[in-house]
Amino acid sequence: METRRDLANDICLDFVANLLDSGHVVEEWNPIKNKISGVHEGKKWSLRLPLHFPLAEDGQSFLSYFETLSEAFPQYFLILIQAGHAALAYFEDGECLHHKVIKKYMVRGNGRAQLGYLKTRGKSKAGSRIRLANTVSFFEDINEKLDEWDVEPQATRILLSCTAKMLPMLFQSKVPPPFDKDDPRITKVPFDLQKPTLEELMQVNKQIMRGRWEGPADTVDAYFARKREAESNDWED
């Protein structure tokens, strides 16, 4: 029986070691998505490691990468952007050192972003011009805040959620972000999001810090059974 199971950050490294020790062979390794997969005893499996784990070096094998990982928390940006709403944070050693929520009036009454409307309807009235000006300042404010924190060199990942239509404005802003659009550290946040708020930011961060197992249920069940048994024996000692 196959299952999908979320694994806590502090479990993932030990779980991977257990997989390797039990004969699972990593046949595919996607360093961008932080995902490994293979076939064991005729059954497919995959494990997406927590997305905040550091980026692997170009061409690095998974086993080599795995040896560099530790239980220490990495440093990373988490950036959530929707029309008129942005939530930004920088995390280090498991703590949120910086955060900022930015709001701007840039959505029409029908819920459509002014930027998209102008591309299909052309010139706009006064209210639309205000929304367009706010769109410009929205991305300037985002980039100014990211630059103000002065932590870009330490970040090992840049976790970003932004629509394809809005992404160019982030990098074409008069005030550029402290990283390039082709920065290999940029990783898409692969979750459906609510409106970016501080609460949503922290909830997404919890998801980012979990791994995701997809494969035989007995593999992950056996791991936790052995772990409980070991903890019980330690308690008795």
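Going by the structure above, here's the rest.
Residues numbered from 1 in each chain as written. Predicted model: local features only at pLDDT ≥ 70, side-chain atom pairs only at ≥ 80, totals over all residues. Heavy atoms only, no water.

Caption draft 1: View of the packing of aromatic side chains. All chains considered together, the criterion is met by 13 aromatic pairs. Residues Trp29 and Phe62 carry aromatic rings whose centres are separated by 5.1 Å and whose planes lie at 65 degrees to one another, so their mutual orientation is edge-to-face. In this pair, Trp29 is assigned in strand 2 (residues 28-30) and Phe62 in helix 2 (residues 62-68), connecting sequence segments 33 residues apart. In this structure Phe62 comes out as buried when scored by relative accessible area, which is 4%. (Phe/Tyr/Trp six-rings, centres within 6.5 Å; stacked < 30°, edge-to-face > 60°. Helix = DSSP H or I, 4+ residues; strand = E, 2+ residues; numbered from the N terminus. Buried < 20%, exposed > 50% of the residue type's maximum accessible area, 1.4 Å probe, protein only.)

Caption draft 2: Looking closely at the layout of surface pockets. Counted as a void, the largest pocket has a volume near 210 Å³. What lines the largest pocket is Asp6, Lys33, Lys35, Ser46, Arg48, Phe191, Gln207, Arg210, Arg212 and Glu214. Looking at the lining of the largest pocket residue by residue, the classes come out as one nonpolar, two polar and seven charged. (1 Å grid on protein atoms, 1.4 Å probe; cavity = no way out; pocket = protein on both sides within 12 Å on 5 of 7 lines; lining within 4 Å. Points joined across faces, edges and corners; volume = space filled by probe spheres on them. Nonpolar A, V, L, I, M, F, W, Y, C, P; charged D, E, K, R; others polar.)

Caption draft 3: Focus on the environment of Pro178. With respect to the helices, strands and loops of the structure, Pro178 is situated in the loop between helix 5 (167-172) and strand 9 (186-188). If sequence neighbours within four positions are ignored, Pro178 has contacts with Asn143, Leu146, Asp147 and Glu152. (Contact = heavy atoms within 4.5 Å.)

Caption draft 4: Layout of the pattern of salt bridges. Tallying each qualifying case throughout the model produces eight salt bridges. Measuring nitrogen to oxygen at the nearest pair gives 3.0 Å for the salt bridge that ties Asp221 to Arg5. In this pair, Asp221 is assigned in helix 7 (residues 217-236) and Arg5 in strand 1 (residues 2-7), connecting sequence segments 216 residues apart. Using a relative accessible area of 25% as the deciding quantity, one classes Arg5 as partly exposed. Of the charged contacts, one joins Lys104 and Asp141 as a salt bridge, the two residues approaching to 3.1 Å between their closest N and O atoms. Within this pair, whereas Lys104 is found in the loop between strand 7 (95-103) and helix 3 (114-121), its partner Asp141 is found in helix 4 (residues 126-149), the two being separated by 37 residues in sequence. On the basis of relative accessibility, which here comes to 26%, the residue Lys104 falls in the partly exposed class. Since its relative accessible area comes to 26%, Asp141 is described here as partly exposed. (Salt bridge = Lys/Arg side-chain N within 4 Å of Asp/Glu carboxyl O.)

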